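Chains, contacts and geometry: an overview
Each chain, written out:
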Amino acid sequence: MTEIVKLAEEAERAMTAASSLEALEEARLSVLGKKGWLSAALKELGALNAEERKARAQQLNEVKDRLAAVLESRKTALNDAAIEARLKAERLDMTLPLNESAEAQGRIHPVSQVIDEITEIFAAMGFSIAEGPDIEDDFHNFTALNMPPEHPARQMQDTFYLPKRGADGEQIVLRTHTSPVQIRTMRGGPPPHRIVVPGRTYRSDYDMTHTPMFHQVEGLVIDRTTHMGHLKGVLTEFCKAFFETENVKMRFRPSYFPFTEPSAEVDINCSREGGVLRVGEGDDWLEILGSGMVHPRVLQHCGLDPNEWQGFAFGMGIDRIAMLKYGIPDLRAFFDADLRWLKHYGFVPLDIPTLGQGVAR
Ligand code: DAH
């Protein structure tokens, strides 16, 4: 009797002290294993008479239950500790410092930078950004913009035609300008409209200043009383903000576009002294965009009554003004994905010029 109590106390102590699951298993085996003392004691029950067996069996079962509980709780504790230790050992150190040298950082492409600058300036004047598909149909790219089939202006656009036609037999093209988004905007919801549309455009052309894919930004304002003075005011504000000088001179030169009447091209002053182009200096002129009052026929194509609604539009080459502002000589390099070029002409994030860092709060 006392011997069992002693053994039980010893076993409990060993189990509680077990410092690993292996040590605990060892302690369990010495009690309940094939050669364990409790197993042996249980086996011996058969040799006892009924009365003795009952008392002995009760005592042994109590010991067994007690030790099973101790085993279980020790096992849980050891398991928890093992998980805890593993979590600690496998922890990822997120505080590892980044390699912060400028070399290791990516660069913002000049096109992205200039799109940010342009949209920021127009956003501050109340414009929102609109977008349209690169793959366009003939109606949106030409017809609705007052360029019916056979219109000579179509020939000037070096259009990429897709071999497949649209569901209604419509010719499908890669958009040659961002102007189709004017149509999509006006047909997509009621005026007033005040949007800028940065995006990719496509023409079959390739030299120092032309690539088959390039970027434009379109502007459109439609309201009841919008007039050419607003066009001049908005574009003047834009040029000052974009070229970051009050001194840039502008010239509105009469021009022709099928989708505007009257139409004007905008030039800014520059100097070309010594073969170097400087914007905002000198008496030379440099064309930067096309613009005009939206043609009544364009409004009609969009279901608007020209006697009720009018407005202005403009279109500008993004790559071109990026080249101008940041002195980049060859447009083709923009799209060569040469990291040496990007490192030279790109912008370090968080260290970009005055504009394009988000609107000041
Ligand atoms: N879409 C013209 C082009 O690609 C540019 C343009 C000129 C857009 C005058 C306009 C505009 O909205 O009013 O050559």
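Okay, so let's go over this structure.

Between two packed helices, both the angle of their axes relative to each other and the distance between the axes serve to describe the pair. Where helix α1 (residues 2–17) contacts helix α2 (residues 21–32), the axes come no closer than 8 Å and their chain directions differ by 165°. Taken together, the axes of α1 and α2 lie roughly antiparallel to each other. In the packing of α1 onto α2, the handedness of the crossing is left-handed. Contact with α1, carried on its side by Ala11, Ala14 and Met15, involves Leu24, Ala27, Arg28 and Val31 of α2 and no other residues of that element. Split into classes, the residues belonging to the contact of α1 with α2 amount to six nonpolar, no polar and one charged.

Turning next to the pairing of strand β8 (residues 260–271). For β8, a buried count of ten out of twelve residues is recorded, marking the element as mostly surrounded by other parts of the structure. By the bridge criterion, seven bridges tie strand β7 (residues 250–257) to β8 in an arrangement that is antiparallel. Paired with Ser255 across the two strands is Ser263, which belongs to β8. If you look at the hairpin formed by β7 and β8, you'll find two residues sitting between the two strands. Two elements, β8 and strand β10 (residues 284–294), share nine bridges in a ladder whose sense is antiparallel. From the neighbouring strand, Cys270 faces β10, where its bridge partner is Asp284.

Our focus in this paragraph is the pairing of strand β11 (residues 310–317). In this sheet, β11 lies alongside strand β6 (residues 213–223) in antiparallel orientation, the contact comprising eight bridges. Bridge assignment links Val221 to a residue of β11, and that residue is Phe312. Two strands pair when backbone bridges link them, and β10 and β11 are joined in this way by five bridges, in the antiparallel orientation. Counted as the bridge partner of Gly292 is Ala313 from β11.

What follows concerns the nonpolar core. Within the largest apolar cluster, 39 residues are counted, with the highest numbers of intra-cluster contacts made by Ile118, Phe238, Ile288 and Ile321. Elements supplying a minimum of two residues to this core: α5 (110–124), β6, α9 (228–243), β8, β10, β11, α11 (318–326) and α12 (339–345). Ranked by the residues each element gives to this core, the list is headed by α9, at seven residues. Residues contacting Phe238, with those up to four places away along its chain left out, are Ile118, Ile121, Phe122, Met125, Met316 and Ile321. One finds Phe142, Ala144, Leu145 and Leu220 within the second-largest nonpolar core, a separate group that totals 22 residues.

The peptide bond linking Pro191 to Pro192 adopts the cis configuration, its omega dihedral lying at 5°. For the peptide bond that leads from Glu261 to Pro262, omega is -5°, which places it in the cis range. Relative to the helices and strands, Pro262 resides in strand β8. Phi at Glu150 takes a positive value of approximately 75°, unusual for a residue other than glycine. Here Glu150 is to be found in the loop between α6 (138–141) and α7 (152–155). A residue is classified by how much of its surface remains accessible, and Glu150, at 75% relative accessible area, is exposed. The residue Glu244 is not glycine, and still its phi comes out positive at about 55°. The topology assignment puts Glu244 in the loop between α9 and β7.

The full set close to the ligand counts 15 residues, and His177, Ser179, Arg203, Gln216 and Glu218 are the nearest of them. Take Arg203: an N or O atom from its side chain is 2.9 Å from an oxygen atom of the ligand. In this structure, Glu218 approaches the ligand through a side-chain N or O atom, which is 2.6 Å from an oxygen atom. Look at the ligand: alone it shows 360 Å² of surface, and the protein chains cover 90% of it. Judged by its atoms lying within 2 Å of the grid points, the ligand is housed in the largest pocket. Breaking the shell around the ligand down by element, the ones donating at least two residues are β6, β10 and β11. Taken together, the residues of the shell around the ligand break down into four nonpolar, nine polar and two charged.

About the cut-offs
Chains are numbered independently. Their residues run from 1 in the order of the written sequence. It should be noted that, the model being predicted, local features are given only for residues of pLDDT at least 70 and side-chain atom pairs only at 80 or more, the latter also being counted only at that level, while totals for whole chains, interfaces and linings use all residues. Only hydrogens and water are set aside when side-chain values are computed; all heavy atoms of the structure are taken into account. Here an angle of 0 to 180 degrees is reported between the N-to-C directions of two axes, which are lines fitted to C-alpha atoms, with helices fitted over the stretch in contact. Going along the chain from the N terminus, every DSSP run of H or I of four or more residues is numbered as a helix, and every run of E of two or more is numbered as a strand. In what follows, roughly perpendicular refers to angles from 65 to 115 degrees, roughly parallel to angles under 35, roughly antiparallel to angles over 145, and oblique to any angle outside these ranges. Should the near helix be turned anticlockwise from the far one by less than a right angle, the crossing is left-handed, and should it be turned clockwise, the crossing is right-handed. Contacts are assigned to residue pairs with any non-hydrogen atoms lying within 4.5 Å of each other. Under the convention adopted here, Pro, Cys and the residues Ala, Val, Leu, Ile, Met, Phe, Trp and Tyr are nonpolar, Asp, Glu, Lys and Arg are charged, and Gly plus all remaining residues are polar. Think of it in three bands: with a 1.4 Å probe and only protein chains considered, a residue is buried below 20% of the maximum accessible area for its type, exposed above 50%, and partly exposed in between. Being paired, for any two strands, means DSSP has found at least two bridges between them. Among buried residues, the Ala, Val, Leu, Ile, Met, Phe, Trp, Tyr and Cys ones that are joined through side-chain atoms within 4.5 Å form a nonpolar core. Nearness is judged by heavy atoms alone; a residue qualifies as near a molecule or strand once a single heavy atom is within 4 Å of it. Between N or O atoms, a polar contact is any pair within 3.5 Å; within protein, one atom must be a potential hydrogen donor and the other a potential acceptor, and residues adjacent in sequence are included only when both atoms are from side chains. Only the protein chains shown count as cover for residues, with accessible areas throughout obtained via the Shrake-Rupley method and a probe of 1.4 Å. We place a 1 Å grid over just the protein atoms. Points where a 1.4 Å probe fits but has no way out form a cavity, open points with protein on both sides within 12 Å along at least 5 of 7 lines form a pocket, and any residue with an atom within 4 Å of a point lines it. Should more than half of a molecule's atoms lie within 2 Å of a pocket's or cavity's grid points, that molecule is taken to sit in it.

From the geometry alone we can't say anything about function, so treat these as descriptive.
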